[in-house]
Amino acid sequence: MSEHAPGGGLVAHATAAAAASISVHGLTKRYGEVEAVRGIDFEVAPGEIFGFLGPNGAGKSTTIAMLCTLVKPTSGSATVAGFDVNHQRDSVRRNIGLVFQDTTLDTYLTAEQNMRLHAELYGVERELVEPRMRQVLEMVDLWERRRSAVATFSGGMKRRLEIARGLMHSPRVLFLDEPTVGLDPQTRSSIWTYIQELKAAEDITIFLTTHYMDEAEYCQRIAIMDKGVIVVLDTPDALKASVGHDRVTLETDDDAAAIAAIAERFQITAHLSEGAVIFGVASGEYFVPRLFAELDVPIRCVSVSRPSLDDVFMSYTGTTIRDAEASAGDQRRAATAAFRRSR
Amino acid sequence: MVASTATSEPTRPAAGAPLPVPAVHVPASSLRGDLRAVKIVWERELIRFSKDKLRMITSLVQPFLFLFVLGTGLSRLASAGTHGVDLRTFVYPGVLCMAVLFTAMFSAASLVWDREFGFLREMMVAPVRRSSLVLGKCFGGATVACFQGILVLCLAGLVGVPYAPVLLLEIFVLQLVLAFTITAFGVMVAARIKQIQSFMAVTQMVMMPMYFLSGAIFPVSGLPQWLTILNRLDPMTYAVDPMRRLVFNHLNISAAARRALDPGVTWWGWHVPTLLEAGVVAAIGMICLAVAIVEFSGRE
Ligand SMILES: Nc1ncnc2c1ncn2[C@@H]1O[C@H](COP(=O)(O)OP(=O)(O)O)[C@@H](O)[C@H]1O
Ligand SMILES: [Mg+2]
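Conventions adopted
Residues numbered from 1 in each chain as written. Chains lettered and ligands numbered in written order. Predicted model: local features only at pLDDT ≥ 70, side-chain atom pairs only at ≥ 80, totals over all residues. Heavy atoms only, no water. Domains from an automatic or database assignment. Contact = heavy atoms within 4.5 Å. Buried area = accessible area lost by both parts, 1.4 Å probe. Salt bridge = Lys/Arg side-chain N within 4 Å of Asp/Glu carboxyl O. Helix = DSSP H or I, 4+ residues; strand = E, 2+ residues; numbered from the N terminus. Nonpolar A, V, L, I, M, F, W, Y, C, P; charged D, E, K, R; others polar. Phe/Tyr/Trp six-rings, centres within 6.5 Å; stacked < 30°, edge-to-face > 60°. Buried < 20%, exposed > 50% of the residue type's maximum accessible area, 1.4 Å probe, protein only. Near = heavy atom within 4 Å. Polar contact = N/O pair within 3.5 Å; in protein donor to acceptor, adjacent residues only side chain to side chain. Patch = residues over 30% accessible without salt bridge, like charges linked within 9 Å, V, L, I, M, F, W, Y side chains within 5 Å. Areas by Shrake-Rupley, 256 points an atom, 1.4 Å probe, with all protein chains shown as cover. Donors = N, O, S within 2.8 Å, 3.2 Å for Na, K, Ca; no water. Expected span 1.5 Å × (residues − 1). Pairing = 2+ DSSP bridges. Axes fitted to C-alpha atoms, helices over the stretch in contact; angles between N-to-C directions.

Residues and elements named next belong to chain A. Per the domain assignment, the segments making up chain A are domain 1 (9–235) and domain 2 (239–329). When each unit is reduced to the centre of its C-alpha atoms, the spacing between domain 1 and domain 2 is 35 Å. Taken residue by residue, the interface counts 16 residues in domain 1 and 12 residues in domain 2. Taking both partners together, domain 1 and domain 2 bury about 1,200 Å²; carbon and sulfur atoms supply 72% of that area. For the pair domain 1 and domain 2, the number of links is 1 salt bridge. As a salt-bridge pair, Lys 240 and Glu 217 come within 2.7 Å of each other at their nearest N and O atoms. Elements with a contribution of two residues or more to the side of domain 1 that touches domain 2: helix 8 (213–216), strand 9 (221–226) and strand 10 (229–234). Of the residues forming the side of domain 1 that touches domain 2, the biggest block, 4 residues, is contributed by strand 9. Here the side of domain 1 that touches domain 2 is composed, by residue class, of 9 nonpolar, 4 polar and 3 charged.

So this is what it looks like as structure tokens:
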């Protein structure tokens, strides 16, 4: 089952199968011609914060939709909180909380009405509705605003309210699909604060997706997904260590000549990304002096950085996540992505 | 529980220690849970309607136009044929049905909006039967449409229909049945049609013929055969006809007027009784409801 996981993270965790919070085997989903998810396997341990990282169109939302029983898998199986998503849909639903990528609030209602509606749908005991609502709304700092119509909320407030609502019925597994997409940096970081607090306060497993590299660092383990498959799965630190080299970024007068020269002198494949020449090399700071000595193309600027998850993504997929997004599809998809981001 | 995986997690001390809230436990599916779902979905429709004051007023415009503008304007033309009965009294039952028809259909359209704005997903992933969601939606739409019907019922006195308690009750029950059926029909359509523009186009295409063919603005006897057939196929016919009969039962008019204006619906010469007519409307509603439930339960 580890054929999709060159990083080996899968194998290490396969032993936890019995107690796993989420366990996925050979899951696929096909929409007509499009194979959105192409056979993925992974396990998430109870209490873990597990992230799916990948560009738009990688199949992250489709995976969540299958795990929360909204979409039937084309093939493969999965259990969530110990229940089979194909055959025990109601049991799965009782035990999960969901925050979708696009908002699912009733904006005509107040925050409190949205919460109560959710509590009723999930059969939360009457006497617990009020205290639980207070607890989760206070956690996301919305208790004072509970009587305001959701239509008057900012994007960040709506997202916080959705997180609180997803927690209303004390789910064992919380799914967050791109919880921070389209939010300003400050709000993004506060959302992460809530997630950390939640993790400390409750016995809950968190499964989230993101296409922000920096956010994946908050996860205990991440699976990098691209074009429907998991390319690698491990802890962020292990992934970064596996890259094994630093990233050197150059600005030159003639990028094409520089790339050719680097290939010829050092047998290193460099490439152009966002107007800079980029390549990986072990011990970058010792390499830079040689670069100046041996490269005849004028260099305007140089920087060396420790591997980031961007480099991990690059080293496993051969492209940067931004380039993957840009080329991920036709203009329509690019347009929707931009639209999503702009909201 | 602390994660078993060995990773340094970004450190930030938990601000709030667990609050003293007993653990929430989501119970297994039960009739009680489903009833709670029906009730909350129904309540939501009412809350939304109560916040939409503009809609209450605008949906009264059309009945007003038909009753007072068309009714008054045409009354001189029609006076020869109405045997002394005010044309507005004659069209009143039809106008009442129209108010219910349009409001109910509009309520069903909210399901399409729910899909568009994502809220439908919140309901679809809940651990309750889809049938309770559909039922709640239909009851909600029916209640809202009935409320609109009551507003039109208040106008009865202005067009010579007496405020007799029995009559009001009978009309109320009948319009409740109609409201439920139309909402169920709209919900059934909304299960299939996902775009609001298409939904509006389809319902316009269905509602107008339904209204005009139903006998809301003409007596249903002595029509050309093609119109008779279409009229008998129109579900609205079976709501307008008994409603008119109920109204005319409480009027003091000549037998000739009664025969001309309220001939009653016939099937191959047989007079369809009032209760059966109401039964036809209810049965159509149940069929639409069943189809809607199947549609929503089957979806992913
Ligand atoms: N309902 C659908 N019908 C057809 N294609 C779909 C549907 N949902 C998703 N897809 C396609 O599946 C692929 C994966 O989509 P998605 O899971 O939304 O990716 P992500 O969440 O990683 O951005 C995309 O190519 C998308 O166009
Ligand atoms: Mg997505």
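Still more to cover.
For the rest of this paragraph, the subject is the packing of aromatic side chains. Residues and elements named next belong to chain B. Applying the stated criterion across every chain, the model contains 18 aromatic pairs over all chains. Residues Phe 49 and Phe 147 carry aromatic rings whose centres are separated by 5.8 Å and whose planes lie at 80° to one another, so their mutual orientation is edge-to-face. In this pair, Phe 49 is assigned in helix 1 (residues 31–50) and Phe 147 in helix 5 (residues 130–153), connecting sequence segments 98 residues apart. Here Phe 49 falls in the buried class, since its relative accessible area comes to 6%.

Turning our attention to the site of ligand 1. All names here are of chain A. Around ligand 1 lies a shell of 12 residues, among which Gly 57, Gly 59, Lys 60, Ser 61 and Thr 62 are the nearest. The side chain of Ser 61 places a nitrogen or oxygen atom 2.7 Å from an oxygen atom of ligand 1. With respect to ligand 1, the side chain of Thr 62 contributes an N or O atom lying 2.5 Å from an oxygen atom. Residue assignment for the shell around ligand 1 shows that the elements contributing at least two residues are strand 2 (34–44) and helix 2 (60–67). By residue number, the principal contributor to the shell around ligand 1 is helix 2, which donates 3 residues. A breakdown of the residues in the shell around ligand 1 according to their chemical character gives 5 nonpolar, 5 polar and 2 charged.

Taken together, the contacts link 56 residues of chain A with 48 residues of chain B. Where chain A abuts chain B, roughly 4,700 Å² becomes buried across the two surfaces, and 58% of that area is made up of carbon and sulfur atoms. Its largest share of buried area at the contact with chain B, chain A owes to Leu 70, Arg 94 and Leu 121 of chain A, together 15% of the area lost on that side. The interface formed by chain A and chain B contains 4 salt bridges.

What follows covers a nonpolar patch on the surface. All names here are of chain B. A contiguous nonpolar surface patch, about 510 Å² in accessible area, is contributed by Leu 70, Leu 74, Leu 77, Met 208, Phe 212 and Ile 217. Listing elements by their share of the nonpolar patch, those giving two or more residues are helix 2 (53–78) and helix 7 (196–213). In terms of residues, the nonpolar patch owes the most to one element, helix 2, which gives 3 residues. Among the structural elements, Ile 217 can be located in the loop between helix 7 and helix 8 (225–233). The exposure class assigned to Ile 217 is partly exposed, which follows from its relative accessible area of 30%.

The subject of this paragraph is the coordination of the magnesium ion (ligand 2). Residue and element names in this part refer to chain A. The coordination sphere of the magnesium ion (ligand 2) contains the protein donors Ser 61 (OG) and Gln 101 (OE1), at a distance range of 2.0 to 2.2 Å. A residue pair is termed long-range when its members are at least 10 positions apart, and Ser 61 in helix 2 and Gln 101 in the loop between strand 6 (96–99) and helix 4 (111–121) qualify at 40 residues. Owing to a relative accessible area of 30%, Ser 61 belongs among the partly exposed residues under this scheme. Exposure remark for Gln 101: the relative accessible area of 12% places this residue in the buried category.

Turning to unusual backbone geometry, a few remarks are in order. Residue and element names in this part refer to chain A. Its identity is not glycine, yet Ala 81 carries a phi of approximately 55°, on the positive side. Of note, Ala 81 is situated in the loop between strand 4 (75–80) and strand 5 (83–84). Owing to a relative accessible area of 8%, Ala 81 belongs among the buried residues under this scheme.

Compared with the 18 Å implied by 1.5 Å per residue over 13 residues, the 19 Å span of helix 6 (residues 155–167) of chain A between its first and last C-alpha is a close match. Most of helix 6 of chain A is tucked away, with 11 of its 13 residues classed as buried. Considered for burial, the residues of helix 6 of chain A that qualify are Gly 156, Met 157, Arg 159, Arg 160, Leu 161, Glu 162, Ile 163, Ala 164, Arg 165, Gly 166 and Leu 167 of chain A. Turning to helix 6 of chain A, the residues buried within the fold contact strand 6, helix 4, helix 5 (126–139), strand 7 (173–177) and helix 7 (185–201) of chain A together with helix 4 (119–124) of chain B.

Quick look at the sheet that holds strand 10 of chain A now. Note: strands within a sheet are paired through backbone hydrogen bonds, in either parallel or antiparallel orientation. All names here are of chain A. The 6 strands are arranged 6-7-8-3-9-10 in an open sheet whose pairing can be described as mixed. Two strands close off the open sheet at either side, each with one partner strand: strand 6 and strand 10. Taking the axes of each pair of neighbouring strands and ignoring which way they run, one obtains an average angle of 15° across the sheet. Pairing of strand 7 with strand 8 (residues 205–210), which is carried by 5 bridges, proceeds in the parallel orientation. Bridge pairing links Val 173 to Thr 205 in strand 8.

One pass over the full model with this rule turns up 35 salt bridges over all chains. One salt bridge connects Glu 112 of chain A with Arg 146 of chain A, and the closest N-O pair in it is separated by 3.8 Å. You can see Glu 112 of chain A sitting in helix 4 and its partner Arg 146 of chain A sitting in the loop between helix 5 and helix 6, a full 34 residues away along the chain. Among the residues examined, Glu 112 of chain A registers a relative accessible area of 12% and is labelled buried. Accessibility expressed as a relative area gives 17% for Arg 146 of chain A, which makes it buried. One salt bridge connects Glu 120 of chain A with Arg 36 of chain B, and the closest N-O pair in it is separated by 2.8 Å. With Glu 120 of chain A in helix 4 and Arg 36 of chain B in helix 1, this residue pair bridges two chains. By relative accessible area, which is 15% here, Glu 120 of chain A ends up buried. Note on Arg 36 of chain B: relative accessible area 6%, which makes it buried. Each of Asp 106 of chain A together with Arg 44, Glu 45, Arg 48, Asp 114 and Lys 137 of chain B takes part in salt bridges that share partners, so that together they form one network.

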